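# Report on the structure
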Amino acid sequence: MSRPKVGLALGSGAARGLAHIGVLKVLEREGIPIDMIAGSSMGSLIGTVYANGGDLAMMEQLAIHLKRNQWLDFSLTRRGLVAGDRIRELVRLLTHGKNLEDLQIPTAVIATDLTKGERVVFTSGPIDLAVRASVSIPGIFEPVEWEGRTLVDGGVIDRVPVSVVREMGADVVIAVDVISPTGGLRIRNIFDVIAQSLEVMERQMTSPQILTADVVLHPELSDISPTAFTRVDVCIRRGEEVALAQLEAIRRAIGEAVPSGKGWNPDDDQ
């Protein structure tokens, strides 16, 4: 083995999750290998598009310029405010209608079975279905019905899926947690009420498994609302900043996982 396998666990966080793009930009530029990805909610969307060979510059520009009415289809039903058909179609287009097993980088998508209170891990099947389930913030998006299950946001049960990446075979896990450890944001609308309520719950039930990651990246996003999709550039920049700050820790974690005496250099993978 020339080097250990590196896995990326991308957490939930709605608009804050766009910081994942900034993290990926630094890892790619610095030659840090990514052998597998697991993502919850926004982490699943960013992760699958990247794993499909998505160009990060294109992803950044799309995130900045995409209008809300291009991915939000409001529909006042009994189970949600947004139907979710548009975001599913957007994911299908960005991933070329592929299945998860067809991605260039093995990727797992996390959702929550609302009825049973169980984690659901997608590693095969249509990407658009899995991501649509994973981003379904309860009360905002209509849940996804799949094989007798009612699926909602993966962050409800596993907001930073470190253990999933381990189960996929990663020797080194880099986790990206975009949930702010403190609150204090001004609540402006019903979307903020729902999203912030979910974040409060997730903050209180932070899984100890996040701490088992070899490196945990916490972008400074305490001033960013989870619904602030107008601040995409700020979120991406904060992701870049934290990745740069932790770059040596990442390289050290990979180096320490290499079998004794073999060493690892990013140039080895070029």
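The structure this text deals with has already been given above.
Now for a quick tour of the structure. Per chain, the residues get numbers from 1 upward, laid out in the order the sequence is written. With the structure being a predicted model, the display of local features is reserved for residues of pLDDT at least 70 and the display and counting of side-chain atom pairs for 80 or more, all residues being used for whole-chain, interface and lining totals. Processing note: side-chain calculations cover all non-hydrogen atoms of the structure and skip hydrogens and water entirely.

### What about the side chain of aspartate 128?
Our working definition: Strands are runs of DSSP state E lasting at least 2 residues, helices are runs of H or I lasting at least 4, and numbering of each runs from the N terminus. N or O atoms within 3.5 Å of each other form a polar contact, as long as, within protein, one can give a hydrogen and the other can take it, and as long as residues adjacent in sequence are counted only when both atoms are side-chain atoms. Contacts are assigned to residue pairs with any non-hydrogen atoms lying within 4.5 Å of each other.
Among the structural elements, aspartate 128 can be located in helix 5 (residues 127–134). Polar contacts involving the side chain of aspartate 128 include one to the side chain of arginine 88, which spans 2.6 Å. Beyond its immediate sequence surroundings of up to four residues, aspartate 128 is in contact with Arg88, Val91 and Arg92.

### Re the packing of helix 4 (residues 85–94) against helix 5
This is how the line gets drawn: To get an axis, fit a line to the C-alpha atoms, keeping to the stretch in contact for a helix; angles then go from 0 to 180 degrees between the N-to-C directions. In this scheme, roughly parallel covers angles under 35 degrees and roughly antiparallel covers those over 145, while 65 to 115 is roughly perpendicular and the rest are oblique. Handedness of a helix crossing follows the sense of rotation of the near helix relative to the far helix, less than a right angle counterclockwise being left-handed and clockwise being right-handed. Gly is placed with the polar residues, together with every amino acid not listed as nonpolar (Ala, Val, Leu, Ile, Met, Phe, Trp, Tyr, Cys and Pro) or charged (Asp, Glu, Lys and Arg).
In the contact formed by helix 4 and helix 5, the axes pass within 8 Å of each other and the chain directions differ by 135°. Classified by the interaxial angle, the pair formed by helix 4 and helix 5 is oblique. In the crossing of helix 4 with helix 5, the sense of the turn from one axis to the other is right-handed. Two secondary-structure elements touch here, helix 4 through Ile87, Arg88, Val91 and Arg92 and helix 5 through Ile127, Asp128, Leu129, Val131 and Arg132. Along the lines of polarity and charge, the residues of the contact of helix 4 with helix 5 split into five nonpolar, no polar and four charged.

### As for the environment of leucine 81
Definition in use: Note on exposure labels: buried denotes an accessible area under 20% of the residue type's maximum, exposed denotes more than 50%, and partly exposed covers the range between, all computed with a 1.4 Å probe on protein chains only.
With respect to the element layout, leucine 81 can be found in the loop between helix 3 (56–65) and helix 4. On the basis of relative accessibility, which here comes to 17%, the residue leucine 81 falls in the buried class. Sequence separation of leucine 81 and arginine 29 is 52 residues, and the distance between their C-alpha atoms is 39 Å. Excluding residues within four positions of it along the chain, leucine 81 makes contact with Asp73, Phe74, Ser75, Leu76, Gly139, Ile140, Ile190 and Phe191.

### Considering helix 1 (residues 19–29)
Residue pairs spaced three or four apart in an α-helix point in one direction, given the helix's 3.6 residues per turn. Burial within helix 1 is extensive, with nine of its 11 residues counted as buried. Inspection of helix 1 places Ala19, His20, Ile21, Gly22, Val23, Leu24, Lys25, Val26 and Leu27 among the buried residues, and these make up the whole buried set. Just beyond helix 1, the residue with positive phi is glycine 31, at close to 75°.

By themselves these figures say nothing about function.
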